[in-house]
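# Structural features, examined
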Amino acid sequence: MKKKLIAPVLLSSALLVGSIPVNVFAQPVNSSEISSVQASKEWNEKASVPFFVKEKVAEKFSSSSSSNALNYLKKNEDKTGIKNPDKHLKVKSIQKDELGMTHVRFTQAINGVNVEGSEVIAHFNKNHELVSVNGRTNQTLAFEAVDTTASISREAALQAALSSVNAPEELTYEPTAEFVVYPFEKKNHTAYKVNVNFMGDEPGNWFVYVDAKSGKVIDKFNGLMHADEHKTQTGSGKGVHGDHRELHITRVKEENSGTKFALADYSHENLEGIFTYDATSDWDSSNDTLYMGNSAAFISDYDRAAVDAHYNSEKVYEYYLNEHGRNSLDGEGMAINSYVHMGVDYNNAFWNGRYMAYGDGDGEFFIPLSAGLDVAAHEMTHGVISHTANLAYRNQSGALNESFADVFGALVDDSDWEMGEDIMAPAAKADGVTRLRSLSNPNSVIVSNPQRAAYGSGVYPDHMDEFYNMPLNVDNGGVHVNSSITNHAAYLIGQEIGREKLGKIYYRALSVYLTSNSNFSEARQAIVQSAIDLYGEGSEEEAAVQSGFDAVGIQ
Ligand SMILES: [Zn+2]
């Protein structure tokens, strides 16, 4: 649930002007200011070295334990390039899958402090044989001593982070700060990774890295995952397509006001629930309530966006449960929360790290965005990703994050391979904009944002030859554009083996092999390996994956 929170750093200034009412609307982030910081920075790819070791003759262990995985890594330092693994790796999770395989995930750490983005996964087959290891490690750490003590306090880091993103007074959640080693710009920084979350015309789920020695902001990015970016225009909203929906709702008895009905679904075993809230055209989260009706029939025009959000959430939940045995976004039955009527004429939907939010659209470009089952599946898949591979939302890893969201969007909303075809308003359709992206034919869709279009051909790419080299301040390095390349690979694979197998293979790659900094090439390896695990080496499924990635130029 959202909490109203006043940032301590800003509270003091608010007290000085106590007679002015507290502004509950977030101020838009000054994007030109942010871009000047980010444009000068370069991601240090060399500090995060990818590898994938497969054993022809796998070593057999007594059990698929983390200590046996470490024993293997100690004996195989030369193969993996990880020096002193028992000193530098911490167990993060141990996961068993439906094939009987066990996956031990480690985080690289120095003096016990996690190295951002560096993870290693050791894979045992069902006979406790260690068959492969993959991941990314920072290979400079073995040679360079990193001082992991802090000179500034956590509080000082929080304040630096809040002011660097122009955080409004009201935050959605209390900011968090994690102590990490952050390899950036050829240096290993000891840093506080601060997460700042707020609403507004430009909502933020910022990750800010503050150097723990100097207190300076090293790097930052907005991890808020948009369906796409469209500026709000004035116009009137329209109701969603008139489909009849069966819903799971809850009867509520209230003092004085009699019986009401809430869009609250407690019908699924081991699931906390599926809840739909009314944001009442506001960004202010303090007075949001469950969406309520006076009867069990939610049939007013205002109800329509909520009805679709509630219905589609359940469809996506059932897809992940039935197809992949996954119980909700975190795999552990967490509540699925959606907010409708977010903002005024707001042309966007997003996953902010904790819940889905849907604007009503301006009626010109979009109708209420909850009308799209693919949009709901896309946003909820961002939630699944943040609890699995946790792909960093920038450059190629960010494009993979977007691409997996689109692929599962198209798998759940399985009538076509288009994204957003059910949320376009009549005026947009009349202009020829009939969907946001196409997995089958990316080139057929124009990149409508001119700032993004300038970095490439002007249409969505379907091959690495058409890759958009974008700086971090434009679409986080092209996450919504270059995603089309891997989207198209998925489409081609799906044409060969069908949607069900495509889903199995992609879900396995996402949940078992990919790590936060994985790039396109590692995604190919992960998806190929998943096809081999499920269908065998040399299978037609493996061949389909190989040729799908060949066709888009990803090696
Ligand atoms: Zn997205």
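Residues numbered from 1 in each chain as written. Predicted model: local features only at pLDDT ≥ 70, side-chain atom pairs only at ≥ 80, totals over all residues. Heavy atoms only, no water.

### Some details on the side chain of Ser-397
Position of Ser-397 relative to the elements: it lies in helix α9 (residues 395-412). A relative accessible area of 7% places Ser-397 in the buried class. When near neighbours in sequence (up to four residues on either side) are disregarded, Ser-397 contacts Leu-391, Ala-392, Ser-516, Asn-517 and Ser-518. (Helix = DSSP H or I, 4+ residues; strand = E, 2+ residues; numbered from the N terminus. Buried < 20%, exposed > 50% of the residue type's maximum accessible area, 1.4 Å probe, protein only. Contact = heavy atoms within 4.5 Å.)

### Details of unusual backbone geometry
With a phi close to 50°, Asn-390 is a non-glycine residue in the positive phi region. Structurally, Asn-390 can be placed in the loop between α8 (373-386) and α9. Although it is not a glycine, Asp-475 adopts a positive phi angle of roughly 50°. Structurally, Asp-475 is set in helix α12 (residues 475-478).

### Some points on the nonpolar core
Of all hydrophobic cores here, the largest spans 81 residues; its most connected members are Tyr-358, Phe-404, Phe-408, Tyr-506 and Ile-527. In terms of domain composition, this core takes at least three residues from each of domain 3 (226-374) and domain 4 (388-555). Residues contacting Tyr-358, with those up to four places away along its chain left out, are Ala-309, Ser-338, Tyr-339, Val-340, His-341, Met-342, Asn-348, Ala-349, Leu-369, Ser-370, Val-375 and Ala-376. In this structure, Leu-158, Ala-160, Val-194 and Phe-198 belong to the second largest nonpolar core, which totals 17 residues. (Core = buried A, V, L, I, M, F, W, Y, C linked by side-chain atoms within 4.5 Å. Domains from an automatic or database assignment.)

### Details of the packing of aromatic side chains
Counted under the stated rule, the structure contains 19 aromatic pairs. Relative to Tyr-209, the ring of Tyr-182 has its centre 3.7 Å away and its plane inclined at 5°; by these criteria the two rings are stacked. Placement of Tyr-182 in strand β8 (residues 176-184) and of Tyr-209 in strand β10 (residues 204-211) is noted, with a sequence separation of 27 residues between them. Across the pair, exposure class does not vary: Tyr-182 and Tyr-209 are buried alike. Three or more aromatic residues joined by ring pairs make a cluster, and in this case those are Tyr-319, Tyr-320, Phe-408 and Tyr-507. It is Arg-354 that lies over the ring of Tyr-173; its NZ or CZ is 3.7 Å from the centre. Across from the ring centre of Trp-417, 4.1 Å away, lies the NZ or CZ of Arg-499, which sits over that ring. (Phe/Tyr/Trp six-rings, centres within 6.5 Å; stacked < 30°, edge-to-face > 60°. Lys NZ or Arg CZ within 6 Å of the ring centre and 35° of its normal.)

### Regarding the coordination of the zinc ion
Protein coordination of the zinc ion is provided by His-378 (NE2), His-382 (NE2), Glu-402 (OE) and Glu-402 (OE), with donor distances spanning 2.1 to 2.8 Å. Geometry at the zinc ion is irregular, judged from the four donor atoms that bind it and their angles of 51 to 126° at the metal. Counting along the primary sequence, the residues that act as donors to the zinc ion give the motif H-x3-H-x19-E. Of this pair, His-378 sits in helix α8 while Glu-402 is found in helix α9, placing the two residues 24 residues apart along the sequence. Assigned by exposure class, His-378 and Glu-402 land together as buried. (Donors = N, O, S within 2.8 Å, 3.2 Å for Na, K, Ca; no water. Tetrahedral: all angles 85-135°; square planar, octahedral: opposite > 155°, others 65-115°.)

### Description of the pairing of β8
Across nine bridges, the pairing between β8 and strand β9 (residues 187-198) is antiparallel. Residue pairing in the sheet places Val-180 in a bridge with Ala-191 of β9. Counted along the chain from β8 to the antiparallel partner β9, the turn is two residues long, and its residue Glu-185 has a positive phi close to 50°. (Pairing = 2+ DSSP bridges.)

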